[in-house]
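Residues per chain, in single letters:
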Amino acid sequence: MPLGATAKPLQLPIGAALEEGWRLFLKSLPAVFLPLWAACLVDALPGVFGGGGLLNFQLTRNVILITVLCWLVESGLYGAAILRMDACAAGVTRSYADSLRAGAGAALTILVGDLLYNLATWVGFFLLILPGVILGTTLAFFACAAVLDRKNIVEVIGYSHRLARPQWWRSSAVLSAPAIVLLVYDVIAGWPDIMSAVRQLSSGNLSPAASPVNLWYDLGLMPVVGALVWCYVLAVVYVQYRNLKARARI
C-alpha cells in the first residue's frame, strides 16, 4: 500500500501520544542523558570560540570551521540518543559504542536534514504562518527517519513530509508541547546574552569580553538542562513517528 494511503484514515490520538511520550521520557532518560548532554555541550562551543556574546560574536574562518564540525558531532550524538531511546522503548539493550557508530553514520544526513528543515520552516513562516506550521510539523521527523529507517540525504525530508502530511494537524498538536518546552529552554539559555546585550546597548559600550559567569552558565548548567529538555522533545517526536508509521502500515 502506498505511504499514507488508507481507505479510512485512522485518527491518531493526541492526549495518548503525549502521555506515552512522557512515560518514554522518564524511562529512557538514564539511557540517553549522556549523549544528549554531550550534544548540548558541543552546541555551546562555537559561541565560546566566537566571543561568547550576541554583540561581540566574531565570525571568522576558524569559527565557521569549528561551528560546522560541532554541528556534525552534535548530529551524530543526537542520532545515537534516538537509537538508544528506540532500544529502551523496545526493552532491549544497545551499547554506547554501537549507538555512537550508527549515529556517526547518520550524522551528515541529520545535519543536512536539520538545515533543510529550518530553511523550509522559516521560509514558510515568512510567506504565510500556516505553511510554516505545516512544514515545521511534517518535516520534524527527519532525524528519526535517518537513524531508525536509514533514509539517506535525498530521501529523509520527503519521507518525513509524506509520512506526516495526512495527519499534520494532529501531529502539530502533539508536537506543540515539546516545541513550547524547547522555546522556553532557548530563552533561558540565551537570557544572560540577551540581558548583556540590553545593558551594552543602553550604555553605548558594544565590545565587552565574555563573562566567566556566562561560560559557567553556558558550559556547566545549560547542557544539563538541555539534556533533560531534549530527552523529552525526542521522546514525544519518537512516539509520534511510530504512531504515524503504524497508521501508514509501513
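Along each chain, the written sequence defines residue order, and numbers are assigned to residues from 1. Given that this is a predicted model, residues contribute local features only at a pLDDT of at least 70 and side-chain atom pairs are listed and counted only at 80 or more, while totals for whole chains, interfaces and linings are drawn from all residues. In computing side-chain values, all of the structure's heavy atoms are included and hydrogens and water are not.

**Points about the overall build of the protein chain**
For clarity, the threshold we go by: Counting from the N terminus, the helices are DSSP H or I runs at least four residues long and the strands are E runs at least two residues long. Note on exposure labels: buried denotes an accessible area under 20% of the residue type's maximum, exposed denotes more than 50%, and partly exposed covers the range between, all computed with a 1.4 Å probe on protein chains only. What makes two residues a contact is simply this: any of their non-hydrogen atoms within 4.5 Å. Surface accessibility follows the Shrake-Rupley procedure with a 1.4 Å probe radius. Residue values consider only the protein chains on display as shielding.
Looking only at helices and strands, one finds nine helices and zero strands in the protein chain. Burial status across the protein chain gives 44% buried among its 250 residues. Counting contacts in the protein chain only where the partners sit at least 6 residues apart, residues at least 24 apart contribute 79% of the total. Taken as a whole, the protein chain presents about 13,000 Å² of accessible surface, with 69% of it coming from carbon and sulfur.

**Section: the packing of aromatic side chains**
Filter applied, for reference: The rule is short: rings of Phe, Tyr and Trp, with Trp giving its six-membered ring, pair when the centres are within 6.5 Å, and they are stacked under 30 degrees, edge-to-face over 60, tilted in between. Here, a charge over a ring is recorded when the distance from Lys NZ or Arg CZ to the ring centre is within 6 Å and its angle to the ring normal is within 35 degrees.
A complete count under the given rule lists eight aromatic pairs for this structure. Relative to F126, the ring of W122 has its centre 6.3 Å away and its plane inclined at 40 degrees; by these criteria the two rings are tilted. In this pair, W122 and F126 are both assigned in helix 4 (residues 107-127), four residues apart and thus about one turn of the helix distant. The pair W122 / F126 is uniform in exposure class, with both members exposed. The cationic tip of R84 hangs over the ring face of Y96; the distance from NZ or CZ to the ring centre is 3.7 Å.

**Focus: a nonpolar patch on the surface**
Going by this rule: The patches described consist of residues with a relative accessible area above 30% and no salt bridge, like charges being joined within 9 Å and nonpolar side chains (Val, Leu, Ile, Met, Phe, Trp, Tyr) within 5 Å. Only one rule defines a salt bridge in this text: a Lys or Arg side-chain nitrogen within 4 Å of an Asp or Glu carboxyl oxygen.
A contiguous nonpolar patch, built from L183, V187, W191, I194, M195 and V198 and spanning about 520 Å² of accessible area, is present on the exposed surface. Relative to the assigned elements, W191 resides in helix 8 (residues 168-203).

**A short note on the side chain of S160**
Just so we agree on the cut-off: We call two N or O atoms a polar contact when they sit within 3.5 Å, provided that within protein one can donate a hydrogen and the other can accept it, with sequence-adjacent residues counted only if both atoms are side-chain atoms.
Secondary-structure assignment places S160 in helix 7 (residues 156-164). For S160, a relative accessible area of 0% gives the class buried. Looking at S160, its side chain comes within polar contact range of the main-chain oxygen of T138, at 2.6 Å. Discounting residues that sit within four places of it in the chain, S160 has contacts with T138, L139, A140, F141 and F142.

**Let's talk about unusual backbone geometry**
Even without a glycine there, the phi angle at R150 is positive, about 55 degrees. Tracing the backbone through its elements, the reader meets R150 in the loop between helix 6 (142-148) and helix 7. By relative accessible area, R150 is classed as exposed at 74%.

**Considerations on the environment of A81**
Following the sequence through the fold, A81 ends up in helix 2 (residues 61-90). Here the alpha-carbon distance between A81 and Y96, two residues 15 residues apart in the chain, equals 9.2 Å. Once residues within four sequence positions are removed from consideration, A81 is found in contact with V32, P35, L36 and L234.

**Quick word on the nonpolar core**
Stated precisely, the cut-off is as follows: Nine residue types can take part in a nonpolar core, namely buried Ala, Val, Leu, Ile, Met, Phe, Trp, Tyr and Cys, and a core is a set of them joined through side-chain atoms within 4.5 Å.
In this structure, L36, M85, L148 and Y241 are the most contacted members of the largest nonpolar core, which totals 56 residues. For this core, the elements supplying multiple residues, two or more each, are helix 1 (15-49), helix 2, helix 4, helix 6, helix 7, helix 8 and helix 9 (212-248). Sorting elements by how many residues they give to this core places helix 9 first, with 16 residues. Those residues in contact with L36, other than ones at most four positions away along the chain, are Y78, A81, A227, W230, C231 and L234.

**A few points about the pattern of salt bridges**
Counted under the stated rule, the structure contains five salt bridges. Between D98 and R94 there is a salt bridge, with the nearest N and O atoms lying 2.7 Å from each other. When its relative accessible area of 26% is taken as the criterion, R94 is described as partly exposed. Between D98 and R101 there is a salt bridge, with its nearest N and O atoms 4.0 Å apart. Of this pair, D98 and R101 are both found in helix 3 (residues 96-105), three residues apart, which corresponds to roughly one turn of the helix. The exposed category is assigned to R101, whose relative accessible area is 57%.

**Quick look at the packing of helix 2 against helix 3**
As a reminder, the rule being used: Only C-alpha atoms enter the line fits that serve as axes; for helices the fit covers just the stretch in contact. Angles between N-to-C directions range over 0 to 180 degrees. Working rule for angles: under 35 degrees goes down as roughly parallel, over 145 as roughly antiparallel, 65 to 115 as roughly perpendicular, anything else as oblique. By convention, the crossing between two helices is left-handed when the near helix turns anticlockwise from the far helix through less than a right angle, and right-handed when the turn is clockwise. Note on residue categories: nonpolar means Ala, Val, Leu, Ile, Met, Phe, Trp, Tyr, Cys or Pro, charged means Asp, Glu, Lys or Arg, and polar means any other residue, Gly included.
Contact pair helix 2 / helix 3: the axes reach a minimum separation of 7 Å and the direction vectors enclose 130 degrees. By the angle class used here, helix 2 and helix 3 are oblique. Regarding helix 2 and helix 3, the two cross each other, and that crossing is right-handed. From helix 2, G76, L77, G79, A80, L83 and R84 reach across to helix 3, where they touch Y96, S99, L100, A102, G103 and A104. Residue classes in the contact of helix 2 with helix 3 are distributed as seven nonpolar, four polar and one charged.

**Observations concerning the confidence of the model for the protein chain**
A low pLDDT means the predicted coordinates there should not be read in detail. Stated formally: pLDDT: the predictor's confidence for each residue, scored from 0 to 100.
Chain-level statistics for the protein chain give a pLDDT mean of 86 and a share of 85% at 70 or above. Looking over the protein chain, one finds the lowest element-wise mean pLDDT in helix 8, namely 85, and the highest in helix 6, namely 97.

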